[in-house]
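Geometric and topological summary
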Amino acid sequence: MARVDVRKTYKLYIGGAFPRSESGHSYEVTDSKGKFVANASLASRKDVRDAVVAARKAFGGWSARTAYNRSQILYRIAEVMEDRRPQFEEAVRQSEGASAAAARGQVDEAIDRLVWYSGWADKLGQVIGNANPVAGPFFNHTAPEPSGVIGVLAPQTSSLLGLVSTVAPVIVTGNVAVVVSSYARPLPAVTFSEVLATSDVPGGVVNILTGDAATLGPWLASHMDVNGIDLGGVAGLPRAGELAAELEIGAADNLKRVRRAPDAEPDWSTDPGLSPMTAFVEHKTVWHPIGV
Amino acid sequence: MAKNSTPFEYAPAPESRSVVDIKASYGLFIDGDFVDGRGSSFKTVNPATEETLAEIAEASEADIDLAVRAARKAFRGWSRMPGKERAKYLFRIARIIQERGRELAVLESIDNGKPIKESRDVDVPIVAAHFFYYAGWADKLEYAGLGPNPQPLGVAGQIIPWNFPLLMLAWKIAPALACGNTVVLKPAETTPLTALLFAEICQQADLPPGVVNIVTGAGSTGQALVAHPDVDKVAFTGSTDVGKAIARAIAGTGKLATLELGGKAANIVFDDAALDQAVEGIVGGIFFNQGHVCCAGSRLLVQESVAEEVLHRLKRRMATLRVGDPLDKNTDIGAINSAEQLAKIRELSAIGEAEGAERWAPACDLPSSGFWFPPTVFTGVTQAHRIAREEVFGPVLSVLTFRTPSEAIEKANNTPYGLSAGVWTEKGSRILHMANELRAGVVWANTFNKFDPTSPFGGYKESGYGREGGRQGLAAYLKSTGLKGGDL
Amino acid sequence: MPTTAPTGLAAYSEVTASEASLKRFLHGLPGVDQVGAEARAAGLGTRSIKTSAKAWALDLAIRMVDLTTLEGQDTPGKVRALAGKALHPDPSDPTCPSVAAVCVYGDLVGEVKEIVGSQVNVAAVATAFPSGRASMDIKLADTRDAVANGADEIDMVIDRGAFLAGRYLQVFEEIVATREACVRPDGSHAHLKVIFETGELQTYDNVRRASWLAMLAGTDFIKTSTGKVQPAATLPVTLVMLEAVRDFREATGVQIGVKPAGGIRTAKDAIKYLVMVNEIAGDDWLDPDWFRFGASTLLNDLLMQRTKMTTGRYSGPDYFTLD
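As recorded in an unreviewed UniProt entry, chain C goes by Deoxyribose-phosphate aldolase and comes from Nocardioides caeni. Listed under Sequence similarities (unreviewed entry) in UniProt, the entry text for chain C is "Belongs to the DeoC/FbaB aldolase family. DeoC type 2 subfamily." According to the UniProt record, the Catalytic activity (unreviewed entry) comment for chain C is "2-deoxy-D-ribose 5-phosphate = D-glyceraldehyde 3-phosphate + acetaldehyde".

Chain A is annotated in an unreviewed UniProt entry as Aldehyde dehydrogenase of Nocardioides caeni.

As structure tokens, this is what we get:
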């Protein structure tokens, strides 16, 4: 008789811990052919609330880290991912129905993307900040700072590369993230959270909720202690246009920085450019007199 | 002693009004010409005298449509014009502003109520500088670090407030035009005159018709502009409530927005500050432009160990402030812009008193007509007081105390706003620490209320998003990848 | 002027008890931000005053002038001519007031005194003016000599080298000793002005410290410059000194005078200074007892503007005496 599998229920990742959903709900995750793979926690609005609290708590420390240190930690995430390649490849293969080679390719790109972003930590400020030659005896310079707590609706289709490509640019600049993973393809996100937990990333810097972006999005969008929101995960959902507009309206309550939903999920393999990072930074200008 | 035989008095030194020619009525500036509006009209008054200055057309939805169409039509040519040619139009405008500076300053003071020394020495020179600065960018956009082949957005709908009518116009129009956009701009209903004079300057500069359109009106005119389907970009400076309404109005439309909104800036004075300059900074921070400044240092946070001395010096200095005729060159504080704003300042001040804060203002004679409010300071204020949380937008300072740097930071950041902050200390490392910790878009250390075209300005949190000024100011008017606030 | 220190000043006796405490005190004074101070001074410069006040201000400015000649080539003839002018700056107009004082080197005090008598004060520079580089005995002898010659006022220079080296107590003691040397046999004393040479002190922080140092040492006036070093008097330097005398009076009850000297050449400039005196220190200082201009060419411009105000037409240099 064949061995009976030990079926696992994956949990949420909040504040560095792996709690079940406060609601107690979970949902069945299937592979691309509809075959049961595992149970995932179905995050509720209260999980969103808890994740925002955890994120806010982590923000001060994370944003105060040196850029070099954040860079090191992102690179560490890449190292640990490299270590767990087979698990990621399997998760991507199952989730996306990709061939082994394609899954391998996506994992390669995801790891490379992390490495790429890790290098930006101590360079973005040099590229987009500047000294301003004001017409007076003043030192004046402008530098980017993180916006704060960022809600991320992760892409629905690209379960790993898309996820990494939206989370890394948020945290590399010193923000903290509350991420809602792909609903149908959450397993790479779950594995990613396990990597984060073992990669020197302080608890609360990234919080990953498995669940429905259409249900959780409005709570994130209208949350008054969230400073920005990436609506990328709206693309491809039913009523995507209307949902995006609703979320933008919610985001207006405290004037969140909004990275809008694209019409369709982008090709994640192309050069991301700076905008995924600059979407969630604030430019601070400091003046000081020059005198003796 | 002869000193008391002749009092040492400042003269009423009024700037001559003869340099300005205010027409009885004004139409809308659309497609290079002044046209009659199709809607009703309203009056603009001199807030220092309550005299009606002119009858102003109120642009209707149909007028807005005309203006946006004119801007769209002009966009084709303007956006394709080589940058170096666009630049020369902006340089021309900048030069004309300098040449007509006296006229613009006097008109601004008459319509807005601000002291002539500010309109003459601050507003108008920075307006000209802003056009000069962005003129120079027009043919260098590919060097701005905003990606290769930067492209304009299209038609920008711009709505500006009444506190710095011409300066806000410059902040909006100069970068928009430099990047190749065309604009429809709505000045505030109480201060339309300098924008209309600017329209004449556009004609004088032979700016192609439709590149700049000026539509006058109140809130509904602004709503129509924001809602117009052919507007690609909304730039707004004003209240946080209206900013939120705009963000909701453009939700799901793909329109981009730059929002420069309210503030409740903390001006933090440490016990080792250069006290005389700090007092000047406190005074300039809250009484500049009658406190009608979004980045005004309206919350003074003073270290307890030096609070008494700072307050003593502050009150002594406030007693030398001269409130009165905006056109008098000796006037430090002019008129409140409108009856409505005066009522709001009075209401919040009354609440401040009712909530137990102690109110003080130096003795000063206020003119009998017009809208006036004396420079006022409230002491014994806590974070819970409404005058410490809400934007008064008038010459009213709330004084709070703190004991340690971390308490100062906590209190300073304990607000939904995040536009500006001030720090006064002679200790270099503390300045940099405070500048890091303050959640505000502009930090003035050992100075306050300084503005420059090269220096980006804008807020954190509910003070809005996007930056105006500097290289960052270009990003608000160039194509980016789906980001509401611009790419940089 | 108070002859005995009030209790307010006595409270500072510990400050000057040792080099360490004096240094602690001076370094504990609030700093001065250069840019902010200069912006404030420039802002005050834009005030304009009433025509009636202007006429009064011009006369006041004339009454505040320390008409000065401090050249190696000075002769009895030169200083006598200057003394004549000090008495009657505008001989054609008897309503024109005299200046406050004539300021000369100590050896020429007698020449001036003969002309001006007690109608105009005679001020003598002393203490190895302008450099202040001599031994203490010489400086004190220099002072006593001028006082003995009849000087009403002594303009001493501080030892900038000692000040910049941080030997504040030495500077303090020099001022105290010079003040004692100003005492006449009858117990009265020549008024002492302490010159900082602000152009050599360079920073406003130093100017503020020097001001407090001199005031604590018992000077009657603080003065910017010798006129031999550039920059001499400026509006912002005077601003800082006016703030110091204002704060000193608040702290001790003792009022000290201020004298900007050197570089003030036009009536327009002089009026800017008066506006500053009025707004920073207050109108108690709008008096020749409390504010002076050390100047040579300023007087003629004041006279020209005065004539313009009385005659309604512009005047020219030929109508005023050269001395």
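There's more to say after this.
Let us look at the packing of aromatic side chains. According to the stated counting rule, one finds 27 aromatic pairs over all chains in the structure shown. Judged by centre distance (5.8 Å) and plane angle (80 degrees), the ring pair of Trp444(B) and Phe451(B) falls under edge-to-face. Of the residues examined, Trp444(B) reaches a relative accessible area of 0% and is grouped as buried. Taken together, a centroid distance of 5.4 Å and an interplanar angle of 90 degrees make the contact between Phe291(C) and Phe293(C) edge-to-face. Phe291(C) gets classed as buried once you look at its relative accessible area, which sits at 0%. Members of the aromatic cluster, joined through ring pairs, are Trp171(B), Trp444(B), Phe448(B), Phe451(B) and Phe457(B). Over the face of the ring belonging to Tyr314(C) we find Lys308(C), whose NZ or CZ atom lies 5.1 Å from the ring centre.

Once that is clear, we can look at the nonpolar core. Counting residues in hydrophobic clusters, the biggest one holds 119 residues, and the most contacted among them are Ile97(B), Phe131(B), Leu169(B), Phe198(B) and Val212(B). Formed jointly, this core draws a minimum of three residues from each of two domains, domain 1 (17-261 + 461-475) and domain 2 (266-445) of chain B. Leaving out residues up to four positions away in the same chain, Leu169(B) has contacts with Phe131(B), Ile160(B), Ala174(B), Leu185(B), Ala195(B), Phe198(B) and Ile214(B). Judged by nonpolar contacts, the second largest core, of 105 residues, contains Met64(C), Leu169(C), Leu201(C) and Val237(C).

Accessible area lost upon the coming together of the parts serves often as the stated size of an interface. Tallying the contact residues gives 41 residues for chain A and 49 residues for chain B. Buried surface at the junction of chain A and chain B, summed over both partners, amounts to about 3500 Å²; 52% is from carbon and sulfur atoms. The largest per-residue losses of area from chain A upon contact with chain B belong to Leu255(A), Arg260(A) and Trp287(A), which jointly make up 22% of the total buried on that side. Joining chain A to chain B, the criterion identifies 3 salt bridges. We note a salt bridge from Glu145(A) to Arg439(B), for which the minimum N-O separation is 3.8 Å. Across the contact surface, chain A and chain B share 29 residue pairs in polar contact (both at pLDDT 80 or more). Mapped onto the side of chain A that touches chain B, the elements with two or more residues apiece are helix 5 (124-128), strand 5 (138-146), helix 9 (240-251), strand 10 (257-259), helix 10 (275-278) and strand 11 (281-289) of chain A. In terms of residue class, the side of chain A that touches chain B is built from 18 nonpolar, 14 polar and 9 charged. Two elements, strand 11 of chain A and strand 17 (residues 442-445) of chain B, share 3 bridges in a ladder whose sense is parallel. Residue Trp287(A) lies in a different strand from strand 17 of chain B, and its bridge partner there is Trp444(B).

A word on the pattern of salt bridges. Overall, the coordinates contain 73 salt bridges over all chains when judged by the stated rule. With its nearest N and O atoms 3.3 Å apart, the salt bridge here joins Arg430(B) to Asp272(B). Of this pair, Arg430(B) sits in helix 14 (residues 428-437) while Asp272(B) sits in the loop between strand 11 (266-269) and helix 9 (275-287), placing them 158 residues apart in sequence. Classification of Asp272(B) as partly exposed rests on a relative accessible area of 25%. Residues joined in a network through salt bridges with shared partners are Asp276(B), Glu309(B), Arg313(B), Arg316(B), Arg208(C), Glu243(C), Arg246(C), Asp247(C) and Glu250(C).

Residues and elements named next belong to chain B. Summarising the element assignment, alanine 199 is placed in helix 6 (residues 193-204). A relative accessible area of 0% means that alanine 199 is categorised as buried. Sequence spacing of alanine 199 and leucine 28 is 171 residues, and the spatial spacing of their C-alpha atoms is 9.4 Å. Contact partners of alanine 199, with chain neighbours within four places excluded, come to Phe29, Phe34 and Ile214.

How each quantity is defined
- Residues numbered from 1 in each chain as written.
- Chains lettered and ligands numbered in written order.
- Predicted model: local features only at pLDDT ≥ 70, side-chain atom pairs only at ≥ 80, totals over all residues.
- Heavy atoms only, no water.
- UniProt positions renumbered as here; feature names shortened; annotations may be inferred.
- Phe/Tyr/Trp six-rings, centres within 6.5 Å; stacked < 30°, edge-to-face > 60°.
- Buried < 20%, exposed > 50% of the residue type's maximum accessible area, 1.4 Å probe, protein only.
- Lys NZ or Arg CZ within 6 Å of the ring centre and 35° of its normal.
- Core = buried A, V, L, I, M, F, W, Y, C linked by side-chain atoms within 4.5 Å.
- Domains from an automatic or database assignment.
- Contact = heavy atoms within 4.5 Å.
- Buried area = accessible area lost by both parts, 1.4 Å probe.
- Salt bridge = Lys/Arg side-chain N within 4 Å of Asp/Glu carboxyl O.
- Polar contact = N/O pair within 3.5 Å; in protein donor to acceptor, adjacent residues only side chain to side chain.
- Helix = DSSP H or I, 4+ residues; strand = E, 2+ residues; numbered from the N terminus.
- Nonpolar A, V, L, I, M, F, W, Y, C, P; charged D, E, K, R; others polar.
- Pairing = 2+ DSSP bridges.

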